[in-house]
Amino acid sequence: MHFDQRTQRALRDVGLETADLREASAAVVDAVEADAEALESFFEAHETVYSDMDMAHSSETYPEHAVDYLDLMTHADEMRGWLRFDSWGVYVEDGRVLEDDYVELTLGPTIDGRVRFAPDRDTLR
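The paragraphs below set out a description of the structure included in this document. (Residues numbered from 1 in each chain as written. Predicted model: local features only at pLDDT ≥ 70, side-chain atom pairs only at ≥ 80, totals over all residues. Heavy atoms only, no water.)

## Here we look at the nonpolar core
Grouped together as the largest cluster of nonpolar side chains are 20 residues, with contacts concentrated most on Phe43, Leu70, Leu83, Leu105, Leu107 and Phe117. Put simply, the parts of the chain that give this core at least two residues each are helix 2 (18-45), strand 2 (64-75), strand 3 (78-85), strand 4 (89-99), strand 5 (102-107) and strand 6 (113-118). Ranked by the residues each element gives to this core, the list is headed by helix 2, at five residues. Core analysis: the second largest hydrophobic core is formed by five residues, Tyr50, Tyr62, Tyr102 and Leu124 among them. (Core = buried A, V, L, I, M, F, W, Y, C linked by side-chain atoms within 4.5 Å. Buried < 20%, exposed > 50% of the residue type's maximum accessible area, 1.4 Å probe, protein only. Helix = DSSP H or I, 4+ residues; strand = E, 2+ residues; numbered from the N terminus.)

Listed below in structure tokens is the structure:
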């Protein structure tokens, strides 16, 4: 179970039993795994994506990125991995699907922020 002791105690205080906590924990794990698969599928489906990332070397509001791959792993409620573009890569700490063709990742050092990605610029506007 991935809930910390304080959270488990609070959930029990509102009436949840240990079995309920295990069920909720398993549901979170399943949701994180499903999101990771959906995010990887998004980047596999699009060789080129656009983002709202601030980039020093781009004058575009929504820069274009050629994507090689997104490789994610999950553990309990955590999602981590690596997003590889054509000439650089960045650590991924979390992510979520916003809509079918619209996702958001938390990118690590060098970016340090949440970035939205879409297959076209219009989706980001």
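There is more to say after this.
## As for helix 1 (residues 5-13)
Residue pairs spaced three or four apart in an α-helix point in one direction, given the helix's 3.6 residues per turn. The opening residue of helix 1, the one whose side-chain oxygen lies 3.1 Å from the backbone nitrogen of Arg6, is Asp4. Immediately downstream of helix 1, the backbone of Gly15 shows phi near 110 degrees, a positive value. (Polar contact = N/O pair within 3.5 Å; in protein donor to acceptor, adjacent residues only side chain to side chain.)

## Topic: the packing of aromatic side chains
As enumerated under the stated definition, the model contains four aromatic pairs in all. Ring plane angle 75 degrees and centroid distance 5.3 Å describe the contact between Phe43 and Phe117, whose orientation is recorded as edge-to-face. In this pair, Phe43 sits in helix 2 while Phe117 sits in strand 6, placing the two residues 74 residues apart along the sequence. Neither residue differs from the other here; Phe43 and Phe117 are each classed as buried. Between Phe85 and Phe117, the ring centres sit 6.4 Å apart and the planes meet at 35 degrees, which makes this aromatic pair tilted. Taken together, the residues Phe85 in strand 3 and Phe117 in strand 6 connect sequence positions 32 residues apart. Residue class for Phe117 comes out buried when judged on its relative accessible area of 0%. One aromatic cluster in this structure is built from Phe42, Phe43, Phe85, Trp88 and Phe117. (Phe/Tyr/Trp six-rings, centres within 6.5 Å; stacked < 30°, edge-to-face > 60°.)

## With respect to the pairing of strand 4
Here four bridges tie strand 3 to strand 4, and the two strands are oriented antiparallel to one another. For Arg84, the partnering residue across the bridge sits in strand 4 and is Gly89. Connecting strand 3 to the next strand, strand 4, in antiparallel fashion are three residues. Here six bridges tie strand 4 to strand 5, and the two strands are oriented antiparallel to one another. By the bridge assignment, Asp94 is partnered in strand 5 with Thr106. What sits between strand 4 and strand 5 in their antiparallel hairpin is a turn of two residues. (Pairing = 2+ DSSP bridges.)

## Overview of the environment of Asp4
Of note, Asp4 is situated in the segment before helix 1. With relative accessibility at 42%, the residue Asp4 sits in the partly exposed group. Within the local environment of Asp4, its side chain forms a polar contact with the backbone nitrogen of Arg6, the two atoms lying 3.1 Å apart.

## Brief notes about the pattern of salt bridges
In total, this model carries six salt bridges according to the counting rule given. Among the ionic pairs, Arg80 bridges to Glu78, the shortest N-O distance being 3.5 Å. Judged by its relative accessible area of 37%, Glu78 falls in the partly exposed class. Between Glu104 and Arg114 there is a salt bridge, with its nearest N and O atoms 2.8 Å apart. Taken together, the residues span a long stretch of sequence, with Glu104 in strand 5 and Arg114 in strand 6 at a distance of 10 residues. Residue class for Arg114 comes out partly exposed when judged on its relative accessible area of 38%. (Salt bridge = Lys/Arg side-chain N within 4 Å of Asp/Glu carboxyl O.)

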